[in-house]
Amino acid sequence: TGITTTSSAPSNYATLNPLNKNGGTLSNGNLKIAHSGAANASATLQIPTTGKWYWEYFLDRQVGGGVLGISDGSAMIGTGLGNWTKIYGYSPNGNKYENGSGSSYGATLATGDLVGVKYDADTRQLEFFKNNVSQGLAFTVSNDYNYYPSLHINNTDITANFGQRPFKFPPPQGFL
């Protein structure tokens with residue numbers, strides 16, 4: 001999505017990785033994760049270390065909390081937010097999180113909201129959108145890790161879109 005090409009070659013898109021999750025049930029081609037407790041999952045493809053990248057998380061059901069963003073991909077360690085080696089994200093409570101440490105960031109999230117994730121791998125800047133409204137720069141992330149789209153959920157159901165179908169909102173200019 002976002003790439004114009006005359007090639008008929010197939011594109012590869014990430015899904016949530018059934019081999020790198022702890023808790024939760026995957027469905028919808030491994031794009032949806034549902035769980036009434038805590039769960040962690042990361043995507044099947046690492047974010048390239050250069051370029052500008054965008055994807056979406058749709059809150060199908062939001063009762064508890066979570067963190068939607070990027071991580072080092074260590075989802076299999078456990079189901080808690082503190083089980084990640086490194087995670088950065090936006091929470092339904094409006095806070096941004098680096099690992100277990102949260103601080104005030106943006107608007108709260110509810111069922112039906114869409115979180116856009118904008119990651120510039122060249123500058124390592126991470127920004128989140130709520131229903132196409134920027135919540136501002138959240139982090140300049142550490143360059144000590146290889147990152148994957150990732151999430152931690154707690155009594156929440158999320159559907160991810162990594163570009164295999166049209167985005168609800170256009171990606172920011174220059175982001176794929």
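The structure contained in this document is the topic of the report that follows. (Residues numbered from 1 in each chain as written. Predicted model: local features only at pLDDT ≥ 70, side-chain atom pairs only at ≥ 80, totals over all residues. Heavy atoms only, no water.)

## Points about the side chain of Asp72
Link 1 in the chain: Topologically, Asp72 is positioned in the loop between β4 (52–71) and β5 (87–90).
Link 2 in the chain: This buried residue, Asp72, is left without a salt bridge; Lys86 holds the nearest opposite charge, at 9.1 Å.
Link 3 in the chain: A polar contact of 3.4 Å, which involves the side chain of Asp72, links it to the side chain of Thr85.
Link 4 in the chain: In this structure, Asp72 is in contact with Trp84, Thr85, Lys86, Tyr145, Asn146, Tyr147 and Tyr148, ignoring residues within four places of it in sequence. (Helix = DSSP H or I, 4+ residues; strand = E, 2+ residues; numbered from the N terminus. Buried < 20%, exposed > 50% of the residue type's maximum accessible area, 1.4 Å probe, protein only. Lys, Arg positive; Asp, Glu negative; His and termini not counted. Salt bridge = Lys/Arg side-chain N within 4 Å of Asp/Glu carboxyl O. Polar contact = N/O pair within 3.5 Å; in protein donor to acceptor, adjacent residues only side chain to side chain. Contact = heavy atoms within 4.5 Å.)

## Structural notes on the pattern of salt bridges
Link 1 in the chain: On inspection of all chains with the given rule, the structure shows five salt bridges.
Link 2 in the chain: Taking the shortest distance from any N to any O, the salt bridge between Lys86 and Glu98 comes out at 2.6 Å. Of this pair, Lys86 sits in the loop between β4 and β5 while Glu98 sits in strand β6 (residues 95–98), and the two are twelve residues apart along the sequence.
Link 3 in the chain: With a relative accessible area of 11%, Lys86 lands in the buried category.
Link 4 in the chain: Take Glu98: its relative accessible area is 31%, and that puts it in the partly exposed class.
Link 5 in the chain: Lys130 is paired through a salt bridge with Asp113; the nearest N and O atoms lie 3.8 Å apart. One end of the pair, Lys130, is in strand β9 (residues 125–130); the other, Asp113, is in the loop between β7 (101–104) and β8 (114–120), and 17 residues separate them in sequence.

## What to know about the environment of Tyr148
Link 1 in the chain: Relative to the helices and strands, Tyr148 is located in strand β11 (residues 148–161).
Link 2 in the chain: Residue Tyr148 is classed as partly exposed on the basis of its relative accessible area, which comes to 22%.
Link 3 in the chain: Distance in space between the C-alpha atoms of Tyr148 and Gly73 is 5.7 Å, their sequence separation being 75 residues.
Link 4 in the chain: Every residue in contact with Tyr148, bar those within four places of it in the chain, is listed here: Ser42, Ala43, Thr44, Leu45, Gln46, Ile47, Gly69, Ile70, Ser71, Asp72 and Gly73.

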